[in-house]
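# Descriptive analysis of the structure
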Amino acid sequence: MINRRKFDEILDDQLSKSNDHQSPLSLAILDIDFFKKINDKYGHTVGDRVLNQFSQTCRKVVRPDDFLARVGGEEFAVLMPNTNQKKAHHLLEYLCSQIGETHFIHQGEVIKYSVSIGFTVIERPLSNAIDAFEVADRALYQAKQTGRNKVMFEPF
């Protein structure tokens, strides 16, 4: 797993490659639903373990050529080079379902959690990666506002 700074460097590099080769580049932002409630109820140590489990599940689903990063507290990003909307949506729906089937056991209690995902696809030359993040973030906001535990797409 990479951090935000490294992810931003990779995003800039992949954006340049995408522009040069005129290939689609998909960007997704993932946010664990109601993560604050886990931290508040069970403590930050359990929250950290949930984050670890979440990232392990993501790594199992994300393809070898994709990039997974933790970009904030319970917020992650996935960058999918050479991936159009249909392929990205399929992968992200699968990831969402795998997270939904995952649970964490703490002192005999089952802790279930889910993820909301927003994504966009860059299919035209773009000079600024910040714009792509804003579009994917709007899609994430829509997923959260319309019930969570889902994948939403926002065209770029």
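### Examining unusual backbone geometry
Within the chain, Gln22 stands out as a residue other than glycine whose phi angle is a positive 50°. Inspection of the secondary structure assignment puts Gln22 in the loop between α1 (4-21) and β1 (25-32). The backbone of Gln107 sits at a positive phi, close to 50°, despite the residue not being glycine. Within the element layout of this structure, Gln107 appears in the loop between β4 (103-106) and β5 (109-112).

### Looking at the side chain of Thr120
The residue Thr120 is located in strand β6 (residues 115-122) in this model. Given a relative accessible area of 0%, Thr120 falls into the buried group. Within the structure, Thr120 has its side chain in polar contact with the backbone oxygen of Glu154 (distance 2.7 Å). Discounting residues that sit within four places of it in the chain, Thr120 has contacts with Leu25, Ser26, Leu27, Ala132, Val135, Ala136, Phe153, Glu154, Pro155 and Phe156.

### Comments concerning the sheet that holds β1
Within the open sheet, the five strands sit side by side as β2-β3-β1-β6-β7. Their pairing is mixed. The sheet terminates laterally at β2 (67-70) and β7 (151-153), the two strands that pair on one side only. Across the sheet, the mean angle separating the axes of adjacent strands is 20° when strand polarity is ignored. Across eight bridges, the pairing between β1 and β6 is antiparallel. When the bridges of β6 are listed, Asp31 appears paired with Ser116. Sheet contacts for α1: β1, β2, β3 (75-81) and β6; angle to β3, the most-contacted strand, approximately 25°. The sheet strands contacting helix α4 (residues 85-101) are β1, β3, β6 and β7, and the helix crosses β6 at an angle near 170°.

The rules we used
Residues numbered from 1 in each chain as written. Predicted model: local features only at pLDDT ≥ 70, side-chain atom pairs only at ≥ 80, totals over all residues. Heavy atoms only, no water. Helix = DSSP H or I, 4+ residues; strand = E, 2+ residues; numbered from the N terminus. Buried < 20%, exposed > 50% of the residue type's maximum accessible area, 1.4 Å probe, protein only. Polar contact = N/O pair within 3.5 Å; in protein donor to acceptor, adjacent residues only side chain to side chain. Contact = heavy atoms within 4.5 Å. Pairing = 2+ DSSP bridges. Axes fitted to C-alpha atoms, helices over the stretch in contact; angles between N-to-C directions.

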